[in-house]
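One-letter residues, chain by chain:
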Amino acid sequence: MAYLGAPGRNPEENEQLVEEQHRIERERAAEARLADQAHPTWWQRLLRRMRHRTPGSED
């Protein structure tokens with residue numbers, strides 16, 4: 001992650017900026033996780049299908 005603070009800024013202000021950036025990244029990750037659950041990509045569907053197959057099953 002890139003350093004968000006400028007050399008002349010207050011360290012407390014820098015910490016707040018970093019905390020805000022981390023919060024935003026956590027929210028984006030949560031949204032992406034929900035989107036993947038709602039509309040999985042082709043390879044996620046393939047992996048799920050492969051995990052659920054048993055050696056004796058015929059598809």
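Residues numbered from 1 in each chain as written. Predicted model: local features only at pLDDT ≥ 70, side-chain atom pairs only at ≥ 80, totals over all residues. Heavy atoms only, no water.

A. Structural view of the overall build of the protein chain. In terms of regular secondary structure, the protein chain is built from 2 helices and 0 strands. For the protein chain, the residues scored as buried account for 7% of the 59 residues in total. Accessible area of the protein chain: about 5,500 Å², with a carbon and sulfur share of 55%. (Helix = DSSP H or I, 4+ residues; strand = E, 2+ residues; numbered from the N terminus. Buried < 20%, exposed > 50% of the residue type's maximum accessible area, 1.4 Å probe, protein only. Areas by Shrake-Rupley, 256 points an atom, 1.4 Å probe, with all protein chains shown as cover.)

B. Molecular detail of a positive patch on the surface. Where like charges cluster on the molecular surface, the positive patch consists of Arg45, Arg48, Arg49 and Arg51. Tracing the sequence through the fold places Arg51 in helix H2 (residues 42-52). Given the relative accessible area of 63%, Arg51 is considered exposed. (Patch = residues over 30% accessible without salt bridge, like charges linked within 9 Å, V, L, I, M, F, W, Y side chains within 5 Å. Salt bridge = Lys/Arg side-chain N within 4 Å of Asp/Glu carboxyl O. Lys, Arg positive; Asp, Glu negative; His and termini not counted. Charge placed at Lys NZ, Arg CZ, Asp CG, Glu CD.)

C. Looking closely at the pattern of salt bridges. For the structure on display, the rule yields 3 salt bridges. The residue Glu20 makes a salt bridge to Arg23 at a minimum N-O spacing of 2.4 Å. Remark: Arg23 and Glu20 occur in helix H1 (residues 11-38); sequence separation between them is 3 residues, near one turn of the helix. Residue Glu20 is classed as partly exposed on the basis of its relative accessible area, which comes to 37%. For Arg23, a relative accessible area of 32% corresponds to the partly exposed category. Close ionic contact of Glu27 with Arg23 constitutes a salt bridge, the shortest N to O distance being 2.4 Å. Pair noted here: Glu27 and Arg23 are both in helix H1, with a separation of 4 residues, about one helical turn.

D. Here's a closer look at H1. Between its terminal C-alpha atoms H1 stretches 41 Å, which fits the 40 Å expected from 28 residues at 1.5 Å a residue. The N-capping residue of H1, defined by a side-chain oxygen 3.1 Å from the backbone nitrogen of Glu12, is Asn10. (Expected span 1.5 Å × (residues − 1). Polar contact = N/O pair within 3.5 Å; in protein donor to acceptor, adjacent residues only side chain to side chain.)

E. The arrangement of the environment of Pro40 in detail. Summarising the element assignment, Pro40 is placed in the loop between H1 and H2. Given the relative accessible area of 16%, Pro40 is considered buried. With residues up to four places along the chain from it excluded, the contact list for Pro40 reads Ala35, Arg45 and Arg48. (Contact = heavy atoms within 4.5 Å.)

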